[in-house]
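If you want the building blocks of each chain, they are given just below.
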Amino acid sequence: MTIHDAVEILLDRMNKPKHVIPGFFGAMDGTTSNFSVVQREMNKAIMAWRESGDTMGLKQMAAMQQAFGSLTDEDYEQIMDTLEAAT
C-alpha cells in the first residue's frame, strides 16, 4: 500500500460513515455540520502530507475513523504501517 492508497481509503470511509461522528474533538457537539469540520481537518492533513511529507494529520484522521468504526482494525493497522514507513 502507498500513502496515496491510504489517503484514498480514508477519503472513501469518510464519505461513507457507519456512524454519525459526535463532534470532532468536542467541536460543534451535536450539530449537523460536524462533517464539515472532519472534512476540513482531512483537507489540512492531505495538504500537510503533499507539501511537506508530514503524515501526522493523516495518522490522526485514521485513528479517529477507527475509533468511530469507519475503519476495521485491519485497515487501520495497514494504513498506520504505511504512514509510519513514510516517516
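A brief look at the structure comes next. What you see is a predicted model; the values in this text were computed from it and never measured. Per chain, residue numbering runs from 1 following the sequence as it is written. Per-residue local features are limited, in this predicted model, to residues with pLDDT of at least 70; the limit for side-chain atom pairs, both in listing and counting, is 80 or more; totals at the level of whole chains, interfaces and linings are taken over all residues. Side-chain measures here rest on the full set of heavy atoms in the structure, leaving out hydrogens and waters.

Section: the nonpolar core
And step 1. By convention a nonpolar core is built from buried Ala, Val, Leu, Ile, Met, Phe, Trp, Tyr and Cys residues, the set being connected through side-chain atoms within 4.5 Å. Only protein chains enter the accessibility calculation, which uses a 1.4 Å probe; a residue whose area is less than 20% of its type maximum is buried, one above 50% is exposed, and one in between is partly exposed. If you look at the biggest cluster of nonpolar residues, it comprises 19 residues, and the most contacted ones within it are Leu-10, Met-42, Leu-58, Ala-62 and Ile-79.
And step 2. Helix and strand assignments follow DSSP, with helices taken as H or I runs no shorter than four residues and strands as E runs no shorter than two, numbered in order from the N terminus. Of all elements in the fold, only helix 1 (3-15), helix 2 (34-52), helix 3 (56-67) and helix 4 (73-85) reach the threshold of two or more residues within this core.
And step 3. Residues in contact with Leu-10, not counting those within four places in the same chain, are Met-42, Leu-58, Ala-62, Gln-65, Leu-71 and Ile-79. Residue contacts are defined here by distance: any two heavy atoms, one from each residue, within 4.5 Å place the two residues in contact.

Focus on helix 4
It helps to recall that an α-helix has 3.6 residues per turn; residues three or four apart then point in one direction.
And step 1. Expected helix span is computed as 1.5 Å times (number of residues minus one). The end-to-end C-alpha distance of helix 4 is 18 Å, a good match for the 18 Å that 13 residues give at a rise of 1.5 Å each.
And step 2. Here helix 4 has its buried residues at Asp-75, Tyr-76, Ile-79, Met-80, Thr-82 and Leu-83. Along the axis of helix 4, the buried positions cluster into a sector of 160 degrees, meaning they face one direction only. Turned more than 90 degrees away from the buried face of helix 4, the exposed residues are Asp-73, Glu-74, Asp-81 and Ala-85.
And step 3. Buried residues belonging to helix 4 abut helix 1 and helix 3. Each direction from the helix axis to a C-beta atom contributes to the arc, which is the arc of those directions.

A closer look at the packing of helix 3 against helix 4
And step 1. Following both chains from N to C, one finds helix 3 and helix 4 inclined at 170 degrees, their axes separated by 10 Å at the closest point. Relative to helix 4, helix 3 is oriented roughly antiparallel. Residue-level contacts link Leu-58, Lys-59, Ala-62, Ala-63 and Gln-66 of helix 3 to Asp-73, Tyr-76, Ile-79, Met-80, Leu-83 and Glu-84 of helix 4.
And step 2. When residues are grouped by polarity, Ala, Val, Leu, Ile, Met, Phe, Trp, Tyr, Cys and Pro land in nonpolar, Asp, Glu, Lys and Arg in charged, and all others, Gly among them, in polar. When grouped by side-chain class, the residues that make up the contact of helix 3 with helix 4 number seven nonpolar, one polar and three charged. Lines fitted to the C-alpha atoms define the axes, with helices restricted to the stretch that makes contact. Angles between their N-to-C directions range from 0 to 180 degrees. With respect to orientation, any angle under 35 degrees is reported as roughly parallel, any angle over 145 as roughly antiparallel, any angle of 65 to 115 as roughly perpendicular, and every other angle as oblique.

Let's talk about helix 3
And step 1. An ideal rise of 1.5 Å per residue puts 16 Å on twelve residues; helix 3 measures up with 17 Å between its terminal C-alpha atoms.
And step 2. Turning to helix 3, its buried residues are Gly-57, Leu-58, Lys-59, Met-61, Ala-62, Met-64 and Gln-65.
And step 3. One or two residues past the end of helix 3 sits Gly-69, with phi positive at roughly 85 degrees.

Remarks on the pattern of salt bridges
And step 1. We define a salt bridge as a contact between a side-chain nitrogen of Lys or Arg and a carboxyl oxygen of Asp or Glu at a distance within 4 Å. Evaluated as defined, the whole model comprises four salt bridges.
And step 2. The partner of Glu-41 in a salt bridge is Lys-44, and the shortest N-O contact between them spans 3.3 Å. With Glu-41 and Lys-44 both in helix 2 and three residues apart, this pair spans about one turn of that helix.
And step 3. By relative accessible area, which is 24% here, Glu-41 ends up partly exposed.
And step 4. What makes Lys-44 partly exposed here is its relative accessible area of 49%.
And step 5. Between Glu-84 and Lys-59 there is a salt bridge, and its shortest N-O distance comes to 2.9 Å.

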